[in-house]
Number of protein chains: 2
Amino acid sequence: MLNENFLRLSQNYLFSDIARRVREYKEENPSARIISLGIGDVTQPLPQASIDAMHRAVDEMASADTFRGYGPEQGYAFLRQAIVDNDFTARGIDLDIDEVFISDGAKSDCGNIGDIFSTDVTVYVTDPVYPVYVDSNVMSGRSGEKLPDGTWSHIRLLPVTAENGFVPQLSDLNTADGELEGALIYLCYPNNPTGTVISRDELKKWVDYALEHSCVIFYDAAYEAYIRHDDVPHSIYEIPGAKRCAIEFHSFSKTAGFTGVRCGYTIVPKALTVTASDGTEVHLRDLWNRRQCTKFNGTSYITQRAAEAIYTPEGKAQVRRTVDYYMQNATFLRENLQCLGYTVFGGEDAPYVWLQTPLREGSTTERISSWEFFDHLLRDLNIVATPGVGFGPSGEGYIRLTAFGRREDYEEAIRRFEMIK
Amino acid sequence: MLNENFLRLSQNYLFSDIARRVREYKEENPSARIISLGIGDVTQPLPQASIDAMHRAVDEMASADTFRGYGPEQGYAFLRQAIVDNDFTARGIDLDIDEVFISDGAKSDCGNIGDIFSTDVTVYVTDPVYPVYVDSNVMSGRSGEKLPDGTWSHIRLLPVTAENGFVPQLSDLNTADGELEGALIYLCYPNNPTGTVISRDELKKWVDYALEHSCVIFYDAAYEAYIRHDDVPHSIYEIPGAKRCAIEFHSFSKTAGFTGVRCGYTIVPKALTVTASDGTEVHLRDLWNRRQCTKFNGTSYITQRAAEAIYTPEGKAQVRRTVDYYMQNATFLRENLQCLGYTVFGGEDAPYVWLQTPLREGSTTERISSWEFFDHLLRDLNIVATPGVGFGPSGEGYIRLTAFGRREDYEEAIRRFEMIK
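A. Summary view of the pattern of salt bridges. Taken as a whole and judged by the stated rule, the model has 46 salt bridges over all chains. The partner of Arg290 of chain B in a salt bridge is Asp135 of chain A, with the nearest N and O atoms 3.3 Å apart. Residue Arg290 of chain B is found in helix α8 (residues 284–295), and its partner Asp135 of chain A is found in helix α5 (residues 131–139); the two belong to separate chains. Exposure class is identical for Arg290 of chain B and Asp135 of chain A. Each is buried. Linked through salt bridges whose partners overlap, the residues forming this network are Asp96, Asp98 and Lys270 of chain A.

Here it is in structure tokens:
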């Protein structure tokens, strides 16, 4: 009676492994001052506009005349309209609010979106990758067999490494057996964990491919607010035709510090249809709407008012200041590590810096492994990073550093890196 | 590539059908003063203790020193501990906080719990029933074939009607084909939609049966706060052995007016194990934990502080006052309808009154249908109810009235009922 797919998941979670190692080190070294640049949680407070909006919303809940009970499962129109106006219309993208679904966060939506697809399709993910994409597909029985190297037969990996400029290559798709027709392709840009981006031209290749092969792209734009360069798309819908092949996920977590108050949104365009086995064209929007109406009851009204407030002029200025603060951390980290001779990627349009581990002493080709370098940083510098290999095999030889910490921690971290040079 | 199970769901939602009929009537009769006793949403404001707690929590989010980012996926220990102490220890039930999972509401958990079970088990639901139990199983492919009467081959209905005192009968289980082994049984008490309850003695029969046949009971206790009689269990874990066969869902929506701020919790006891196909005993708690860690990121910190506050002495008193207010509505409605000659059930330990429709004129056996009586109430009394048949075939001949409205609306509703006597 069990869904035994759950039993096929690794018992080890990346972040609990890290937490255990840190805990053990602390027990042995209680006086160590650990700097955590590992988990991607934010540290700056919410924008004041959101704080003010939440106080007002809380007061509304205190009186029967202004109390709000169940809201629409899809989210309140006030927030959906603000999203359409600011995140899409302002960028030349036409959307209707019926294509916007407010949720309690992009993790929920990325995890639940599989509900509306069959379990016999092939899944493509970039490698390294956010673990939720893979684990949620294993749980639902879409992963196929587990292979000797720990990967899955129906979850294909698209390597993104220094060698290909961190851009997934169409040539890495498996064209042998026709399994590409109707595949699900996860793309996350700006990318977690590598902190790298995709240009409009490169993204267009994927949209064109998806249209030609009836694939659906899941485009995770959670880090869109960190984009600084003009040739980097903020939304996949900037690419012509994307509304007919892509679902896009957004989060307020990293944009406006909502990791603790929970809000994100998902776009399922009305133009996105899939042919059912009886030949009818089915709107994925209608299926997702039914999924949400049946298994979700909307996100907190108070949270939705907080999200609406980030689109006010004050809110926008406050969000910009916080994003700039984190991006200054990224720049500081990236530039100083480069000065110290490290090879680093990302961190220009994203809050993550992807550091290539140094060459092994005496070798000109072999690099220190992710976990070895993790242990070195923990033990010798008291800095916690995330081993790249924890995100997939192509992450071996890298570690991820986040820019979401406090400035003084980055200054201290660099002082420690300098000490061992 | 679609999950075509979605295409098997009825296109008609009960509540959107009702909304359409009400809208059409209003367009024809713009001056009508409609009283809505239909949808089960609350109308009274949140307890002041929760309002105060939310203001404090919002202020914490305004400063980097007190800001809270990602919380535990399972919920904060402060809330889990308050739940264990007040809802369980105080009733003689031992629970560990690791058995408590905080969520954004019971609807999400009731809908998502199916993720951890296989799709080839039989499902039992009482009839009439909360539609989420059925629809979520249809979506996941657990429903089997659609039968000519609109029901499903693998979703068995257990009638609860006046004839059996609204108590599901073990004798209605289909024992013919061994499909009971490992079945999933949904029980909701106090019941939505009938407003009736189950005694400890009757519930014990189901626990004993589930233990004997390795079934899992999903016990939805969302309306537990409305119980007034001592012989009615507040939790299935009051029954010996239930920790080995039952998952229990709770909601703060109806207890404390949280329909708009979203919080509930689910208990998955550590003692609840299921045998996997390789013979190992698997703890459902571990599977649910993995599901939540992968596809959920906790509910709002601010909301969790609001929920914690209802367990303070002031919070408890405020919740009690609101629950009493609604129950006085239920009593007023029930007693007055009885005086007027209607046959009514429920409303004694639950915020729903289940009214049997009158006999058809000239008949001594045939009752007016649910939808006919709905139309009569809408057109002749301008009262909106919910047709019982919308909850399942055994709801035919009943309508549901909720007690969550304002007192003055019930007084006016009864005046209108009196006019047509």
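B. Focus on the packing of aromatic side chains. Here the structure, examined in full by the defined rule, presents 52 aromatic pairs over all chains. With 4.8 Å between their ring centres and 55° between their planes, Phe166 of chain A and Phe345 of chain A make a pair best called tilted. Here the residue Phe166 of chain A occupies a position in the loop between β4 (155–159) and β5 (184–188), and Phe345 of chain A occupies one in strand β11 (residues 343–346), the gap between them amounting to 179 residues. Phe166 of chain A gets classed as buried once you look at its relative accessible area, which sits at 2%. With centroids separated by 5.2 Å and ring planes inclined at 15°, the aromatic side chains of Trp354 of chain B and Tyr398 of chain B adopt a geometry described as stacked. Here the residue Trp354 of chain B occupies a position in strand β12 (residues 352–356), and Tyr398 of chain B occupies one in strand β15 (residues 398–402), the gap between them amounting to 44 residues. Residue Trp354 of chain B shares its accessibility class with Tyr398 of chain B, and that shared class is buried. Each residue in the set Phe15, Phe166, Phe345, Trp354, Phe391 and Tyr398 of chain A is aromatic and connected to the rest through ring pairs, giving one cluster.

C. Quick look at the interface of chain B and chain A. Tallying the contact residues gives 81 residues for chain B and 81 residues for chain A. Both sides of the chain B and chain A interface together cover about 6500 Å² of buried area, and 60% of this is carbon and sulfur. Looking only at chain B, the three residues that lose the most surface to chain A are Met1, Tyr70 and Arg290 of chain B, adding up to 14% of its buried area. For the interface between chain B and chain A, the tally reads 6 salt bridges. A salt bridge links Asp65 of chain A to Arg406 of chain B, with the shortest nitrogen-to-oxygen separation between them at 3.7 Å. Between the two partners, chain B and chain A, sit 37 residue pairs in polar contact (both at pLDDT 80 or more). Those elements that place two or more of their residues in the side of chain B that touches chain A are α2 (48–60), α4 (106–112), α5 (131–139), α7 (253–256), α8 and α9 (301–309) of chain B. Top contributing element to the side of chain B that touches chain A by residue count: α8 of chain B, with 9 residues.

D. Layout of the sheet that holds strand β3 (residues 123–127) of chain A. Residues and elements named next belong to chain A. Sheet architecture is open: 7 strands sit in the order β2-β8-β7-β6-β5-β3-β4, paired in mixed fashion. Looking at which strands have only one partner, the edges of the open sheet turn out to be β2 (100–103) and β4. In this sheet, adjacent strand axes meet at a mean angle of 20° when their direction is disregarded. In terms of strand pairing, strand β6 (residues 216–220) meets strand β7 (residues 246–251) through 4 bridges, oriented parallel. Counterpart to Tyr219 in the pairing with β7 is Glu248. The sheet strands contacting helix α6 (residues 200–212) are β4, β5 and β6, and the helix crosses β6 at an angle near 150°.

Rules of the game
- Residues numbered from 1 in each chain as written.
- Chains lettered and ligands numbered in written order.
- Predicted model: local features only at pLDDT ≥ 70, side-chain atom pairs only at ≥ 80, totals over all residues.
- Heavy atoms only, no water.
- Salt bridge = Lys/Arg side-chain N within 4 Å of Asp/Glu carboxyl O.
- Helix = DSSP H or I, 4+ residues; strand = E, 2+ residues; numbered from the N terminus.
- Buried < 20%, exposed > 50% of the residue type's maximum accessible area, 1.4 Å probe, protein only.
- Phe/Tyr/Trp six-rings, centres within 6.5 Å; stacked < 30°, edge-to-face > 60°.
- Contact = heavy atoms within 4.5 Å.
- Buried area = accessible area lost by both parts, 1.4 Å probe.
- Polar contact = N/O pair within 3.5 Å; in protein donor to acceptor, adjacent residues only side chain to side chain.
- Pairing = 2+ DSSP bridges.
- Axes fitted to C-alpha atoms, helices over the stretch in contact; angles between N-to-C directions.

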